[in-house]
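Report on the structure
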Amino acid sequence: MSDLDQLTQSLARNLKRWRGERGFTLDALAARSGVSRGMIIQIEQARTNPSVGTTVKLADALGVSITTLLDYEQGPHVSLVPPEQAIRMWSTPAGSSTTLLVGTEARGPLEMWAWTLVPGDESASDPHPSGTVELLHVTAGTLTLVVDGKPYAVPAGTSASFEANVPHTYRNEGTDTVEMTMTVAVPPAR
């Protein structure tokens, strides 16, 4: 499959997914974006490769980034954000600051959790409803995050996000206690 074919397929899949997540009909998305209903149908059926301008209009209307609309990933998507990639949003000479650690495109209920995992402990979770996203930030130790059977090392200072509609486990395989903050974004009931 060529890069263009892969891009067309990704856009079709993701446009359909996000339109469904937002609960938009074809007509509603057309009205919000200024893109014709017929063009949206062609894009969702992977029969056309729209201009950058059209893609921007659709992303804006859905409230997602272009990167999210064009994301090639298939299956569980896990993003690790090392400390040097966190974004300092605001600071003062006195030392106050805010840092965006990790973000995701989600709506619905949110939960925030504080976790402590002593060496050798783990907590396994069954898949959550489709559309559930978990964000975490490790402040001490190194977490082993296992998503759909694949392990990810998440050291202190690193943040991660992933789609939690697959089995996942939080494990401490190290010798230091893991401390982390976790937020769970659950889609609203339909």
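Scroll up to find the structure this text is about.
Along its length, the chain carries five helices and 11 strands. Expressed as a percentage of its 190 residues, the buried residues of the chain come to 36%. For the chain, the proportion of contacts with a sequence separation of at least 24, taken over those separated by at least 6, is 70%.

Our focus in this paragraph is the nonpolar core. Residues Leu136, Leu143, Leu145, Phe162 and Tyr170 are the most contacted members of the largest nonpolar core, which totals 19 residues. A total of four residues in this core trace back to one element, the largest contributor, which is strand S11 (residues 178-185). Other than its neighbours up to four places away in sequence, Leu136 contacts Val102, Leu143, Leu145, Val154, Thr158, Ser159, Ala160, Phe162, Tyr170, Met180, Thr181 and Met182. If you look at the next biggest cluster of nonpolar residues, it comprises 16 residues, including Leu11, Leu26, Val35 and Val64.

Moving on: the environment of Val154. For Val154, the location among the structural elements is in strand S8 (residues 150-155). A C-alpha to C-alpha distance of 8.7 Å links Val154 and Pro82, two positions 72 residues apart in sequence. In contact with Val154, other than residues within four places in its own chain, are Leu80, Leu136, Val138, Gly141, Thr142, Leu143 and Leu145.

What follows covers unusual backbone geometry. Phi at Ala46 is positive, roughly 55°, even though this residue is not glycine. With respect to the helices and strands, the residue Ala46 is situated in the loop between helix H3 (37-44) and helix H4 (52-62). Even without being glycine, Asp148 reaches a positive phi, approximately 55°. In this fold, Asp148 is placed in the loop between strand S7 (142-147) and S8.

Another point: helix H1 (residues 3-22). The terminal C-alpha atoms of H1, which comprises 20 residues, lie 28 Å apart, in line with the 28 Å expected from a rise of 1.5 Å per residue. Where H1 is concerned, the buried positions are Thr8, Ser10, Leu11, Ala12, Asn14, Leu15, Trp18, Arg19, Glu21 and Arg22. Here the buried face of H1 lies against helix H2 (26-33), H3, H4 and helix H5 (66-70). Two residues or fewer past H1, Gly23 is found with a positive phi of approximately 75°.

Moving on, we get to the environment of Ser79. Turning to its location among the elements, Ser79 is positioned in strand S1 (residues 78-81). Ser79 gets classed as partly exposed once you look at its relative accessible area, which sits at 24%. Sequence separation of Ser79 and Ala160 is 81 residues, and the distance between their C-alpha atoms is 5.3 Å. Contact partners of Ser79, with chain neighbours within four places excluded, come to Ser159, Ala160 and Ser161.

We now examine the pattern of salt bridges. Inspection of every chain in the model, using the stated rule, returns five salt bridges. Across the pair Arg17 and Glu163 runs a salt bridge, and its minimum N-O distance is 3.8 Å. Residue Arg17 is found in helix H1, and its partner Glu163 is found in strand S9 (residues 159-163); the two are separated by 146 residues along the sequence. Under the relative-accessibility criterion, Arg17 is labelled partly exposed at 33%. Among the residues examined, Glu163 registers a relative accessible area of 21% and is labelled partly exposed. Note that Glu173 and Arg171 form a salt bridge whose closest N and O atoms lie 3.4 Å from each other. For Glu173, a relative accessible area of 54% gives the class exposed. Accessibility expressed as a relative area gives 25% for Arg171, which makes it partly exposed. Among the charged side chains, a network of salt bridges with common partners joins Glu122, Arg171 and Glu173.

With that out of the way, let us pick up the environment of Arg37. As for its placement among the helices and strands, Arg37 is situated in helix H3. In this structure, the C-alpha to C-alpha distance between Arg37 and Thr25, residues 12 residues apart in sequence, is 9.6 Å. Filtering out sequence-adjacent residues up to four positions away, Arg37 remains in contact with Leu26, Asp27 and Ala30.

About the cut-offs
Residues numbered from 1 in each chain as written. Predicted model: local features only at pLDDT ≥ 70, side-chain atom pairs only at ≥ 80, totals over all residues. Heavy atoms only, no water. Helix = DSSP H or I, 4+ residues; strand = E, 2+ residues; numbered from the N terminus. Buried < 20%, exposed > 50% of the residue type's maximum accessible area, 1.4 Å probe, protein only. Contact = heavy atoms within 4.5 Å. Core = buried A, V, L, I, M, F, W, Y, C linked by side-chain atoms within 4.5 Å. Expected span 1.5 Å × (residues − 1). Salt bridge = Lys/Arg side-chain N within 4 Å of Asp/Glu carboxyl O.

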